[in-house]
Amino acid sequence: MQILAIAAAIAVVCALRPIPIQGASHRADLFSVALMTSSFSNLSLAEPLARAVAEMGYESMTPIQEQAIPVVLTGQDVMGAAQTGTGKTAAFSLPLLQRLLKHESSSTSPARHPVRALVLLPTRELADQVAQQVALYAKYTKLRSTVVFGGMDMKPQTLELKKGVEILVATPGRLLDHIEAKNAVLNQVEYVVLDEADRMLDIGFLPDLQRILSYLPKQRTTLLFSATFSPEIKRLAGSYLQNPVTIEVARPNETASTVEQHFYSAGDDDKRRAIHQVLKTRGIKQAFIFVNSKLGCARLARSLEREGLKTTALHGDKSQDERLKALESFKSGEVDLLVCTDVAARGLDIKDVPAVFNFDVPFNAEDYVHRIGRTGRAGASGLAVTLVSGSDARLVADIEKLLKTKIEIEAIEYDNERPQGRFNDGRRVWNEAEDGAGAARASHGEGAGAPRAAHGDRAGRSRGGFRPTPVSRDPFFDKPYEAPAESQAPGWEATARPARSGSSPNIKQRRKVAALFKSPPAPEPVSES
């Protein structure tokens, strides 16, 4: 009862003057003193939610959960920034479910289950992941939830929406499709959550987001959560929030302290070799590899697969079914390397991934923070390796400016050994790694062409592994010239057909074929006389 009384008093104070919470150094603030707890058991959650949380093994809260959950329970707008992998999904899901319990109903009528909370996310994979988490939190309640995203058939999603749901998780494009088809009605939405808000407010998503918000009631609670907030995004977010409480549990755009970061100098032709070297030196079994383009993603995945590594690709040109299968195979350990674009850089929570490689330095410095956040999650240690070529100086400078730290680019020492397993050495021939370069040359023959092939190998190694295709040599052309015997007739004369009288020997005679019907005789010419 005392906790509820304190919460009510604080809600009155916040209605008059919102109190921002700025990081762990301000824990003497009113919210921190009155409501911040370190254990989920002290949150006074409803019994169904508390049972689901205990079943999932949650015990102590992360800093963002400590500070955000009590504030969201008061019904205020929130702008929350925290490092990746710190449990932001639970920070907004649990208090929303707690406040929506007053609307739960056992009725089967869709009218009794209107959309009360809308969660918007930038990528399909993240939307699916958040929907699964919300369903686990609400499994012992009568609240319904579903997810809609593109790349899938709309009919099953429409059937779920027609049944009625209280919590709708969606990507902007597919949600607009359902709104236009009148499958989703949002006039009773009380809570809106923008996860990965900096990307949602980006210029690419902003028109769709503005259209969606125009369908919502003016009086609502809006929650923004992300790992990065630029000053421009903060100003833009302010137009969608009403007296928001700002919660920052770490310095803006700060990376997790559990992630060991390295920047290695590597030319474009040496980057694959560098990945092999780090995997071997560190004994890494699984890793993300991020690239900047969809075409580069597919090519790199094929190259690493040829070199003996279990690899799959994840990018926007793949169908949604292929993307989900790639993620599932990576989670289950069927593949060791997930080569992906920034479609997988945000929010994906795959436990115990030990390393992240930036094959390409990201064009946007904020994406670097999100990329390396795929490792070192939930307090675990991780490794982030960025391969820097000579043309990446400006992009590295942008990362330095964002992180406010000096980046040292290290040299990487390579072993002389080739990558283990079968590999394609550029000559369209598969070889075993232990055979070495000499065996590869031997497979193409020695002798007169050996010095040229060896020179080609040296030139190929200097260009980062590419070896030109050697010219095949026929022993016939190495023989000295032999004059033909005079008595021997030319080949064309020896095989010439015997000449026939009245016709050229080069004209093929027509073969006589028996006719089935006798042709009528030609009419006799009529004389004029």
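Visitor: When you look at the overall build of the protein chain in this model, what are you seeing that I'm missing?
Guide: Secondary structure assignment for the protein chain yields 19 helices and 17 strands. Put simply, the protein chain has 529 residues, and 46% of those count as buried. Here the protein chain has roughly 28,600 Å² of accessible surface; of this, 52% comes from carbon and sulfur atoms.

Visitor: Would you mind showing me how to read the sheet that holds strand 10 (residues 287-290) here?
Guide: By definition, the strands of a sheet pair up through backbone hydrogen bonds, in either a parallel or an antiparallel sense. Read across the open sheet, the seven strands follow the order 11-12-10-13-14-9-15; overall the sheet is parallel. The sheet is open, and its two borders are formed by strand 11 (311-314) and strand 15 (409-410), each paired with just one other strand. Relative to strand 15, strand 9 (residues 259-265) is paired through two bridges, and the arrangement is parallel. Residue pairing in the sheet places Phe263 in a bridge with Ile409 of strand 15. Helix 12 (residues 271-282) contacts strand 9, strand 10, strand 12 (337-340), strand 13 (355-358) and strand 14 (382-388) of the sheet and is inclined by roughly 155° relative to strand 14.

Visitor: Just to check I follow, could you spell out the confidence of the model for the protein chain for this structure?
Guide: Detailed reading of predicted coordinates is not advised where the pLDDT is low. Summary statistics for the protein chain give a mean pLDDT of 77 and a share of 73% for residues scoring 70 or more. Per-element confidence in the protein chain ranges from a low mean pLDDT of 34 for helix 2 (residues 30-34) to a high of 95 for strand 5 (residues 167-170). Between residues 1-37, whose pLDDT stays under 50, and residues either more than four places distant or in other chains, the model counts 55 contacts. Across residues 419-466, confidence stays below pLDDT 50; counting only partners more than four residues off in sequence or on other chains, it has 70 contacts.

Visitor: Sorry, what's going on with the side chain of Arg220 here?
Guide: By the secondary structure assignment, Arg220 is in the loop between helix 10 (206-214) and strand 7 (221-226). Salt bridges are absent for the buried Arg220, whose nearest opposite-charge side chain, Asp77, sits at 7.2 Å. Arg220 has contacts with Asp77, Val189, Glu190, Val192 and Leu213, leaving out every residue within four places of it along the chain.

Visitor: Teacher, can you tell me more about the pairing of strand 7 here?
Guide: Taken residue by residue, a regular strand's side chains alternate between the two faces of the sheet. A large share of strand 7 lies buried, amounting to six of its six residues. Residues Thr221, Leu223 and Phe225 of strand 7 are buried on one face, and the alternating residues Thr222, Leu224 and Ser226, pointing to the opposite face, are buried as well. For strand 2 (residues 78-81) and strand 7, the ladder comprises four bridges, and the chain directions are parallel. Along strand 7, the bridge assignment pairs Val78 with Leu223.

Visitor: For this particular structure, what's the right way to read the environment of Leu295?
Guide: Assignment of secondary structure puts Leu295 in helix 13 (residues 294-306). It is 9.0 Å that separates the C-alpha atoms of Leu295 and Asp317, two residues lying 22 residues apart in sequence.

Visitor: Would you mind showing me how to read the pattern of salt bridges here?
Guide: Here the idea is simple: oppositely charged side chains can pair when their charged atoms come close. If you walk through the whole model with that rule in mind, you get 16 salt bridges. Between Asp177 and Arg174 there is a salt bridge, with the nearest N and O atoms lying 3.6 Å from each other. Placement of the pair is Asp177 and Arg174 together in helix 8 (residues 172-180), with a separation of three residues, close to one helical turn. Here Arg371 and Asp342 are joined by a salt bridge, their closest N and O atoms 2.7 Å apart. In this pair, Arg371 is assigned in helix 15 (residues 365-372) and Asp342 in the loop between strand 12 and strand 13, connecting sequence segments 29 residues apart. Each member of the pair Arg371 and Asp342 is classed as buried.

Visitor: Got a minute to help me understand the pairing of strand 2 in this structure?
Guide: Neither face of strand 2 is exposed, since Val78 and Gly80 on one face and Met79 and Ala81 on the opposite face are all buried. Alignment of strand 2 against strand 8 (residues 245-248), held across four bridges, turns out to be parallel. By the bridge assignment for strand 8, Met79 is matched with Thr246.

Visitor: Help me understand the packing of helix 7 (residues 154-163) against helix 8 in this model?
Guide: Helix-helix packing is characterised by the crossing angle of the two axes and by the distance between the axes. Where helix 7 contacts helix 8, the axes come no closer than 12 Å and their chain directions differ by 65°. The orientation of helix 7 with respect to helix 8, classified from their angle, is roughly perpendicular. By crossing handedness, the relation of helix 7 to helix 8 is classed as right-handed. Residues Met154, Gln157, Thr158 and Leu161 of helix 7 pack against Arg174, Asp177 and His178 of helix 8.

Visitor: What am I meant to see in the packing of aromatic side chains here?
Guide: Two numbers describe a pair of aromatic rings. These are the distance of the centres and the angle of the planes. Under the criterion given, the structure shown has five aromatic pairs. Between Phe92 and Phe225, the aromatic rings sit 5.7 Å apart at their centres with planes inclined by 40°, giving tilted as the arrangement. Taken as a pair, Phe92 in helix 5 (residues 88-100) and Phe225 in strand 7 lie far apart in primary sequence, 133 residues in all. Look at Phe92 and you get buried, because its relative accessible area is 1%. Residues Phe288 and Phe290 carry aromatic rings whose centres are separated by 5.8 Å and whose planes lie at 10° to one another, so their mutual orientation is stacked.

Visitor: Sorry, what's going on with the state of the cysteines here?
Guide: Between two cysteines, a covalent bond joining their sulfur atoms is known as a disulfide. If you walk through the whole model with that rule in mind, you get zero disulfides. Here Cys297 is not cross-linked by a disulfide; its sulfur's nearest cysteine counterpart is in Cys340, at 6.6 Å. The class of Cys297 is buried, set by a relative accessible area of 0%.

Visitor: Any chance you could explain helix 5 here in plain terms?
Guide: Within an α-helix, residues lying three or four positions from one another point in the same direction, as the helix has 3.6 residues per turn. End to end, helix 5 covers 19 Å across 13 residues, agreeing with the expected 18 Å (1.5 Å per residue, within 8%). Counting buried positions along helix 5 gives 11 out of 13 residues, so the element sits mostly inside the fold. Every buried residue belonging to helix 5 is among Lys88, Thr89, Ala90, Ala91, Phe92, Ser93, Leu94, Pro95, Leu96, Leu97 and Leu100, and all of these are buried.

Visitor: How should I be thinking about helix 8 in this particular structure?
Guide: Buried within helix 8 are the following residues: Pro172, Arg174, Leu175, Leu176, His178 and Ile179. Those residues of helix 8 that are buried lie in contact with strand 3 (117-120), strand 4 (145-148), helix 7, strand 5, helix 9 (197-200) and helix 10. Following helix 8 by one or two positions, Lys182 has its phi on the positive side, about 60°.

Visitor: I tried to follow the packing of helix 15 against helix 16 (residues 393-403) on my own but got confused; where do I start?
Guide: Between helix 15 and helix 16, the shortest axis-to-axis distance is 8 Å and the interhelical angle comes to 75°. Between helix 15 and helix 16, the angle is such that the two are roughly perpendicular. From helix 15, Ala365, Glu366, Tyr368 and Val369 reach across to helix 16, where they touch Asp398, Ile399, Leu402 and Leu403. A breakdown of the residues in the contact of helix 15 with helix 16 according to their chemical character gives six nonpolar, no polar and two charged.

What counts and how
Residues numbered from 1 in each chain as written. Predicted model: local features only at pLDDT ≥ 70, side-chain atom pairs only at ≥ 80, totals over all residues. Heavy atoms only, no water. Helix = DSSP H or I, 4+ residues; strand = E, 2+ residues; numbered from the N terminus. Buried < 20%, exposed > 50% of the residue type's maximum accessible area, 1.4 Å probe, protein only. Areas by Shrake-Rupley, 256 points an atom, 1.4 Å probe, with all protein chains shown as cover. Pairing = 2+ DSSP bridges. Contact = heavy atoms within 4.5 Å. Axes fitted to C-alpha atoms, helices over the stretch in contact; angles between N-to-C directions. pLDDT = per-residue confidence, 0-100. Lys, Arg positive; Asp, Glu negative; His and termini not counted. Salt bridge = Lys/Arg side-chain N within 4 Å of Asp/Glu carboxyl O. Parallel < 35°, antiparallel > 145°, perpendicular 65-115°, else oblique. Left-handed = near helix turned anticlockwise from the far one by under 90°. Phe/Tyr/Trp six-rings, centres within 6.5 Å; stacked < 30°, edge-to-face > 60°. Disulfide = S-S within 2.5 Å. Expected span 1.5 Å × (residues − 1). Nonpolar A, V, L, I, M, F, W, Y, C, P; charged D, E, K, R; others polar.

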